[in-house]
2 protein chains.
Amino acid sequence: MADVIGRIADLVASGPTPDPDARAVMEMSILDWMACGIAGADEPVARATRAAATAGGCAPVFGARELYPVGYAAQINGATSHALDYDDTHFAYIGHPSVVILPVVMALMHDRDGDIVLPALLGAEVAVRVGLWLGRSHYQAGFHQTATAGAFGGFAAAGYILGLSAQQMRMGFGLVASRAGGLKAQFGTMAKPMNAGFAAQAAVEAALLIQNAVTANPDAAEIYGDLSAGAADISALDRIGQDWFMMDVSHKFYACCHGLHAALEAFSTCDMDGLTTITVRTNPRWATVCNQIAPDTGLGAKFSYGTVLAMAASGVDTADLNSFAEPFNLPPSSVALRDKVTIVFDDAVSETAATVGVTYADGRTVTASHDLRAPQSLSVRQDKVMAKAAALIGGARAAEIQCALAGHNAGPTLAALM
Amino acid sequence: MADVIGRIADLVASGPTPDPDARAVMEMSILDWMACGIAGADEPVARATRAAATAGGCAPVFGARELYPVGYAAQINGATSHALDYDDTHFAYIGHPSVVILPVVMALMHDRDGDIVLPALLGAEVAVRVGLWLGRSHYQAGFHQTATAGAFGGFAAAGYILGLSAQQMRMGFGLVASRAGGLKAQFGTMAKPMNAGFAAQAAVEAALLIQNAVTANPDAAEIYGDLSAGAADISALDRIGQDWFMMDVSHKFYACCHGLHAALEAFSTCDMDGLTTITVRTNPRWATVCNQIAPDTGLGAKFSYGTVLAMAASGVDTADLNSFAEPFNLPPSSVALRDKVTIVFDDAVSETAATVGVTYADGRTVTASHDLRAPQSLSVRQDKVMAKAAALIGGARAAEIQCALAGHNAGPTLAALM
């Protein structure tokens, strides 16, 4: 690699001394820029940006009493709620819908009564549909679908809350297209949760800009799809408004990458005593997502088959957030076990499934499989989510949230609980 | 076109009534999200985003007395200074450096003494270098280099001002990669100046996030280049730190797209009386940029060879901002002249040059050429920029800005003049 960015970084950090003529040209550009800015201050786009920047006011964030301007609030809440990588996942969409959509909904509904479930569901459904339309090709190319498709979904939620017209919605999706971004290359760094926050921020800000009369090319979103390896799969829109693909969302019951869950579920049925090798068969799509070999951080461990299976085999609770806390030190017993784990990528295994084969010192072999898509009733799912929420934040707060969602002032109630 | 986005926009605006079970699933996700957000509020990335959101404070913007949070200030000033499309252009870079870099510099230097020219120049130089590295292929694919490369340049300026280390710089360029965006498809809408504002905002926010300990993949910027049709031209870094490519920046002396200027300069030497046809030979790269045939807005007219030449031929001052004011109505005499303009795209004409051929009723033919790159002395350029600035904002303010740039408190002085 030519290390283009490294060379630039080194230069800037070194504080070079430029040619005086270069400084003179920059001074000209500063004068020219000031003149253009002062002369442009009454242009419609200038007035629109000033109005939009304050139109949303301030909103609450997790972990602080202070309110933040809505764009920042959306960014903070997106990053915060995705920090643990413990939030919901939609496998067909290949993304985490709630960490983008719900910061948007809360940024705009924290201080007003009204239904928050419908805008949230609309936004999540649009994220899923756009994600399917962008398709597997977009994700495999390197884009972080949670953020890219999520920004469009977040805009749908915000636009619905603000009552934008269909034409404003089209332009708004176009405006979002200029800002949709997020790379899978960030996985394992804080920039992964930041991607969710940036998408939520882009969505909120775009909706307020459109409401304040900013214009954009309504076709830009489709052009963005073409430019970002989008599959342009129009079957993604089949029965939109009738079938709700968001119903297939999965909730996490292990505190690590969702790609590891089927293997952990399968392995949990196996005897841990006296095992000599563990072989996991899983779909090849996970090879670049969660197969870090020897991560030395808790964040890295959340993306490592070998590490989480070794943790589970040595009795560490992989559902406990604290098991992945930093500084992360895998005990020697787990390190030894990690070397006994083999990962086999097999196209015949679906993305939501895994098969775990275990051999034992006494010659036994055991094989167990699990598919996360195996249907579960709504009430079983509700009970599991409630139990998880109670474990994370206490039963009283979990019950209060559940209760608020049945009423019409959920926004302010949830805001008070952040 | 399948009109995927239009169908989604119509659905969201219609406010559909979802299946009660879909609502129940969304309620589960809201509970789950609240639990993840509350549990994640002390994670390093959560703390970093909260700290970064306030670390920059507030900054001034063009056209208002109120201060705005720095991210918004950068967005507003980027959009405002690019609103008239009258700002500087770097042809090799294919972008407008100042409208991204200077909002970043002002967001962070508006209230402190110190040299603003060096960080501005460093940022502009990095924008130009990154733009050359992304290359023509990136621009031709559909990306708005002003914004995409500009975000990296803006980050360089901000990182230098904040004193980030070389390693922080690398990670910061990686963080920017998740947010670099902007499509040429927005040309002719307000989203074009918004792209500059979004890039400036991304740059300022990324620098504050990195300063507050957010991490990112330092290789992400190079991956972004691969994913966005980047040419990966490493000659873009030749003699970086020694030669300053920003010295080749052009300032605009006509209030329309820079692609039209060489033709207007050439045409300005021709006799306007009794002309029957005008033929412009120009580089094919401008065909998709500024060849709108019959625009009905002033913004559209700024991207139309036929319109601006017809305006010039009928005595309209194309250097006057008011000539492109909305509502835009081309006088009938200009409409008739527009139909006499023929554009010929010719690879033999460089991108900065144009040749104009005029025929007259009395049988005369005249041909004139102009190349914007024809060298001009520094003092000639300074005089022209000063004259333009004086025309836009008055000679006193222009002189005050020029004077401030020679001192060490330019930031506060410029802020007071916004």
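Bear in mind that the values here come from a model prediction, so they are computed numbers and not experimental data. (Residues numbered from 1 in each chain as written. Chains lettered and ligands numbered in written order. Predicted model: local features only at pLDDT ≥ 70, side-chain atom pairs only at ≥ 80, totals over all residues.)

J.: Just give me the short version of the packing of helix 6 (residues 117-141) of chain B against helix 7 (residues 145-162) of chain B, but keep the residues and values in it.
T.: Each pair of packed helices gets described by two things: the angle between the helix axes and the distance between those axes. Residue and element names in this part refer to chain B. Direction vectors running N to C along helix 6 and helix 7 enclose 150°, while the axes themselves pass 7 Å from each other. Considering the angle they form, helix 6 stands roughly antiparallel to helix 7. Both helix 6 and helix 7 take part in a crossing whose hand is right-handed. Within the contact between the two elements, helix 6 uses Pro119, Ala120, Leu122, Gly123, Ala124, Val126, Ala127, Val130, Gly131, Leu134, His138 and Tyr139 and helix 7 uses Gln145, Thr148, Ala149, Gly150, Phe152, Gly153, Gly154, Ala156, Ala157, Tyr160 and Ile161. A breakdown of the residues in the contact of helix 6 with helix 7 according to their chemical character gives 15 nonpolar, eight polar and no charged. (Axes fitted to C-alpha atoms, helices over the stretch in contact; angles between N-to-C directions. Helix = DSSP H or I, 4+ residues; strand = E, 2+ residues; numbered from the N terminus. Parallel < 35°, antiparallel > 145°, perpendicular 65-115°, else oblique. Left-handed = near helix turned anticlockwise from the far one by under 90°. Contact = placed C-beta atoms within 7 Å. Nonpolar A, V, L, I, M, F, W, Y, C, P; charged D, E, K, R; others polar.)

J.: Could you give an account of the environment of Ile76 of chain A, with specific residues and numbers?
T.: Along the chain, Ile76 of chain A turns up in helix 4 (residues 70-82). Exposure remark for Ile76 of chain A: the 33 C-beta atoms within 10 Å place this residue in the buried category. Counting along the chain gives 121 residues from Ile76 of chain A to Gly197 of chain A, while the straight-line C-alpha distance between them is 6.1 Å. Beyond its immediate sequence surroundings of up to four residues, Ile76 of chain A is in contact with Val61, Tyr68 and Gly197 of chain A together with Thr49, Arg50 and Ala53 of chain B. (Buried ≥ 20, exposed ≤ 12 C-beta atoms within 10 Å, placed from the backbone.)

J.: Quick one: what's the story with the packing of helix 5 (residues 98-109) of chain A against helix 2 (residues 20-40) of chain B, residue by residue and with numbers?
T.: In contact at an axis separation of 10 Å, helix 5 of chain A and helix 2 of chain B are set at 90° when each is read in the N-to-C sense. Judged by the inter-axis angle, helix 5 of chain A sits roughly perpendicular to helix 2 of chain B. Where helix 5 of chain A approaches helix 2 of chain B, its residues Ser98, Val99 and Leu102 of chain A are matched on the opposing element by Ser29, Ile30, Asp32 and Trp33 of chain B. Looking at the contact of helix 5 of chain A with helix 2 of chain B residue by residue, the classes come out as four nonpolar, two polar and one charged.

J.: Tell me about the domain arrangement of chain A, and please be specific about residues and values.
T.: With domains assigned, chain A is organised as domain 1 (4-41), domain 2 (54-250), domain 3 (259-371) and domain 4 (377-418). Averaged C-alpha coordinates put domain 1 of chain A and domain 2 of chain A at centres separated by 35 Å. (Domains from an automatic or database assignment.)

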